[in-house]
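Now for the letters of each chain:
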Amino acid sequence: MPDIVPLPADYAQWLGELKTRIHRAQQRAAQAVNRELVLLYWQIGQDILQRQKREGWGAKVIERLAQDLRNAFPDMRGFSRANLMYMRAFAEAWPDPAIVQQAVGQLPWGHNLVLLSKLETPEMRLAYARRALEHGWSRNVLNIHIERRLLEREGQAVGNFSNSLSSPHSDLAHESLKDPYLFDFLGIGKEANERAIEDAIVGHITQFLLELGAGFAFVGRQVHIEVGGDDFFIDLLFYHLKLRCYVVVELKAGAFKPEHTGQLSFYLSAVDAKVKTEQDNPTIGLLLCKSKNKVVAEYALRDSSKPIGVAEYQLMEALPEELQTSLPTIDAIEQALADKDGA
């Protein structure tokens, strides 16, 4: 048997650091390869666009190009006729090559196709691209968030955070809440009562956390708090890792009423006094109602010292299906090129 060599005292720590460096190097290498691939696809798309304009290229030329590239590079995927069409659309959507150095160029090609096909403006495409990079969204998750209009709903809840919290905590609290919240995944009807909604949320807590957004951690439901010998129960209690505070969520099956804020303020005071630690920031309240009058909600929160947000929820999908954008489909591109061939 080989002799066992005694290891230095700090060997395990050093090995761990080496593994971390290697993983980071692998990630950087993969990102560099991806950027080069996206840049290559953009350049090919630009060439196709320019030759179309200059020489009148049609669909038959694109089909021949796809065949020749596949023959020349049999081990390289991505040279199908459809993907060449997508490269053309990609270059047309992003005429500035500097885009490859931004978030778009750091995302996989499949993510970029989702951005192009689902979003209309460059501003929204970049916004979703940055968020996908920040949170490491898969293509499917990116697609879900776009279809559910995550970014468009963020920061839309009525709240009094600028008056009740110090900056930048108030800004982050505002950005962390959205309106409306979409609970169509709960599988319950529009007439469900508060307890039925709460039961469904707990049964689908993973999807509910995804809808709440990044940073929320589930603490419990019907959380018991004793105040002056009386028992009270909070519908849902969460903790926000970025805000470093508890978040009390109260559900109302009907329309918003000003008196709802009084009950929620009481719960916030109780959590601050009995649950919150010195390291935690002030507790925030989120009141979820079936409907609300925005002006009434703003008046109800105007003089409240407790940080509260008011938002609507939707039990069934109710957002407009306006996701088809100005980006042409592959069929439309091919038809346009076929028309050139026939001209």
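Residues numbered from 1 in each chain as written. Predicted model: local features only at pLDDT ≥ 70, side-chain atom pairs only at ≥ 80, totals over all residues. Heavy atoms only, no water.

## So, the pairing of strand β5 (residues 245-255)
Counting buried residues in β5 gives eight out of eleven residues, a clear majority hidden from the surface. Strand direction decides the pairing type here: strand β4 (residues 230-240) and β5, joined by five bridges, are antiparallel. Along β5, the bridge assignment pairs His240 with Cys245. The antiparallel pairing of β4 with β5 creates a hairpin that spans four residues between the two strands, and Arg244 there sits at a positive phi of about 55°. Read from β5 through helix α13 (residues 259-274) to strand β6 (residues 284-291), the crossover connection turns out right-handed. (Buried < 20%, exposed > 50% of the residue type's maximum accessible area, 1.4 Å probe, protein only. Helix = DSSP H or I, 4+ residues; strand = E, 2+ residues; numbered from the N terminus. Pairing = 2+ DSSP bridges. Right-handed = clockwise from strand over helix to strand, strands pointing away.)

## Some thoughts on the nonpolar core
Judged by nonpolar contacts, the single largest core of 38 residues is most densely connected at Leu84, Phe90, Trp94, Leu115, Tyr128 and Leu142. For this core, the secondary structure elements donating two or more residues are α1 (11-55), α2 (59-72), α3 (81-93), α4 (103-106), α5 (109-118), α6 (122-135), α7 (139-147) and α8 (150-153). Not counting chain neighbours up to four residues away, the residues in contact with Leu142 comprise His111, Val114, Leu115, Tyr128, Ala132 and Trp137. In this structure, Ala173, Leu288, Ala311 and Tyr313 belong to the second largest nonpolar core, which totals 29 residues. (Core = buried A, V, L, I, M, F, W, Y, C linked by side-chain atoms within 4.5 Å. Contact = heavy atoms within 4.5 Å.)

## Things to note about the state of the cysteines
Summed over the entire model, instances satisfying the criterion amount to zero disulfides. For Cys289, which is in no disulfide, the shortest distance to another cysteine sulfur is to Cys245 and amounts to 20 Å. Judged by relative accessible area, Cys289 falls into the buried class, the value being 0%. (Disulfide = S-S within 2.5 Å.)

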